[in-house]
Amino acid sequence: MAKILYIEDNEDNIYMVSRRLHRKGYEVLVARDGAEGLAQARSHVPDLILMDLGLPVLDGWEVTRQLRAAPETAAVPIVALSAHAMPEDRERALAAGCNDFIAKPTDFPRLLDRIEALLRARA
């Protein structure tokens with residue numbers, strides 16, 4: 001079972017996405033701010049990270065940069081999930097080190113396709 005770290009501060013999003021991922025057979029860890037997400041990523045080294053960009057404490061762009069700089073998490077796929085949906089937001093997320101970008105509200109079938117493709121590519 002793949003382990004996904006979901007770094008998100010919105011409780012409704014956490015409930016909806018984590019519940020649906022659990023039903024698909026994924027183990028889901030949740031962090032509610034950037035600093036907690038960074039700590040969990042380093043201690044659990046998940047198979048994939050779903051990263052909100054507008055996080056408290058440390059934003060998702062900074063968390064992504066720090067994860068990419070650390071040897072233990074540098075290769076973990078990161079999918080940015082954000083209400084920041086302008087083309088420059090996508091470019092900024094990819095430049096920080098995200099593997100993909102999906103605008104909120106989250107299209108779950110699309111998200112699931114991206115998760116599965118990134119996990120297959122990593123295997």
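Scoring rules and cut-offs
Residues numbered from 1 in each chain as written. Predicted model: local features only at pLDDT ≥ 70, side-chain atom pairs only at ≥ 80, totals over all residues. Heavy atoms only, no water. Buried < 20%, exposed > 50% of the residue type's maximum accessible area, 1.4 Å probe, protein only. Helix = DSSP H or I, 4+ residues; strand = E, 2+ residues; numbered from the N terminus. Pairing = 2+ DSSP bridges. Right-handed = clockwise from strand over helix to strand, strands pointing away.

## Some thoughts on the pairing of strand β2 (residues 27–31)
Argument step 1. Burial analysis of β2 places four of its five residues in the buried class, the great majority of the element.
Argument step 2. In the sheet, strand β1 (residues 3–7) pairs with β2 via five bridges, with the strands oriented parallel. Note that in β2 the partner of Ile4 across the bridge is Val28.
Argument step 3. The β-α-β motif built from β1, the intervening helix α1 (residues 11–23) and the parallel element β2 has right-handed crossover chirality.

## Things to note about unusual backbone geometry
Argument step 1. Looking along the chain, the bond that leaves Lys104 and enters Pro105 is cis, with omega of 5 degrees.
Argument step 2. Of note, Pro105 is situated in the loop between β5 (100–103) and α5 (108–122).
Argument step 3. The phi dihedral of Val45 falls on the positive side, at around 40 degrees, and the residue is not glycine.
Argument step 4. Here Val45 is to be found in the loop between α2 (34–44) and β3 (48–52).
Argument step 5. Residue classification places Val45 among the partly exposed residues on the basis of a relative accessible area of 33%.

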